[in-house]
Amino acid sequence: MNRTLVLSGLSCWLASAASPVLACPLLVDLGNLGSDNTVVSDAAAAHVVGGSNTVGGVSHAFDWFAGSMSDLGTLGGATSVAKGINSSQSIVGFSLNGSGQTRGFIWSAGTMTALGTLGGATSVALSINSSGVVVGHATTGGWSPQTHGVRWNGVGITDLGTLGGNYSIARRVNGLGNIVGAAKNAAGVLLPAYYPTV
């Protein structure tokens, strides 16, 4: 069975000159939700979040803290994955809902809440800052839906646009609300993108 190990310090060294294996005495075994394939996405305030397979072999978002891994559940569908956490232990990620659509979520105080889209079928939340601002991407509506980077601020969703192309993604947001990601230009080239505080 695969195990997921997380560094709680930086004291690692080669176990021997003949072996490329690192010896890390401060590694912590996170365990799993009943099966293998645990993936870590983010960590804050001694909490670690990600996705782990359940006994049934499907991925569920988890929050690991003080030696215990908690299953955060789903939005009514089979799977979920946590992608980010802030210092207040608000967690974001994405999950299938009861209709089989992928929706970004925010999990706080024991409740998982779906985040909106731009009129399309899909959204994904990737990062949350200390103020509770969430970023990720969502699909637009219409006959030719596009994926755009988005920002959720607890009130609504903001389309962050593109660099003239048909695709963008917001990957991280800092404490000031500045966002980084990527976007396509009019020629279809994917470029790094920076979104100042909105």
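Everything below is about the structure shown above.
In this text, all values refer to a predicted model and were calculated from it rather than measured experimentally.

*Asks:* Summarise the overall build of the protein chain; cite the residues concerned and give the values.
*Replies:* Across its full length, the protein chain holds zero helices and 19 strands. Counting all 198 residues of the protein chain, 41% fall into the buried class. Across the protein chain, every contact between residues at least 6 apart in sequence was considered, and the portion connecting residues at least 24 apart equals 28%. Of the accessible surface of the protein chain, which amounts to about 9,700 Å², a share of 57% is contributed by carbon and sulfur atoms.

*Asks:* Now, about the sheet that holds strand β11 (residues 102-108): what can you tell me, with residues and values included?
*Replies:* What holds strands together in a sheet is hydrogen bonding between their backbones, with the strands either parallel or antiparallel. As summarised here, the arrangement of the four strands in space is β9-β10-β11-β12, forming an open sheet in which the pairing is antiparallel. Looking at which strands have only one partner, the edges of the open sheet turn out to be β9 (76-85) and β12 (111-114). Taking each pair of neighbouring strands and ignoring which way they run, the sheet shows an average axis angle of 30°. Taken together, the four bridges between β11 and β12 define a ladder with antiparallel strand orientation. The partner of tryptophan 107 across the bridge, within β12, is methionine 112.

*Asks:* Explain the sheet that holds strand β5 (residues 39-44) residue by residue, including any values.
*Replies:* Strand order in this open sheet of four strands is β5-β6-β7-β8, and the pairing throughout is antiparallel. Every other strand in the sheet has two partners, leaving β5 and β8 (68-73) as the edge strands with one partner each. Shown here is a sheet whose adjacent strand axes are inclined to one another by a mean of 30°, direction ignored. Where strand β7 (residues 59-65) and β8 come together, five bridges link them in antiparallel fashion. Paired with tryptophan 64 across the two strands is methionine 69, which belongs to β8.

*Asks:* Can you explain the nonpolar core? Please cite residues and give values.
*Replies:* Grouped together as the largest cluster of nonpolar side chains are eleven residues: Ala44, Val49, Ala61, Leu72, Leu75, Ala82, Ile85, Ile91, Phe105, Trp107 and Met112. Elements that contribute at least two residues to this core include exactly β9 and β11. Leaving out residues up to four positions away in the same chain, tryptophan 107 has contacts with Leu72, Gln89, Ser90, Ile91 and Met112. Listed in part, the nine residues of the second largest apolar core include Val133, Ile179, Ala193 and Tyr195.

Cut-offs and rules
- Residues numbered from 1 in each chain as written.
- Predicted model: local features only at pLDDT ≥ 70, side-chain atom pairs only at ≥ 80, totals over all residues.
- Heavy atoms only, no water.
- Helix = DSSP H or I, 4+ residues; strand = E, 2+ residues; numbered from the N terminus.
- Buried < 20%, exposed > 50% of the residue type's maximum accessible area, 1.4 Å probe, protein only.
- Contact = heavy atoms within 4.5 Å.
- Areas by Shrake-Rupley, 256 points an atom, 1.4 Å probe, with all protein chains shown as cover.
- Pairing = 2+ DSSP bridges.
- Axes fitted to C-alpha atoms, helices over the stretch in contact; angles between N-to-C directions.
- Core = buried A, V, L, I, M, F, W, Y, C linked by side-chain atoms within 4.5 Å.

The quantities given are spatial measurements derived from coordinates; they are silent on function.
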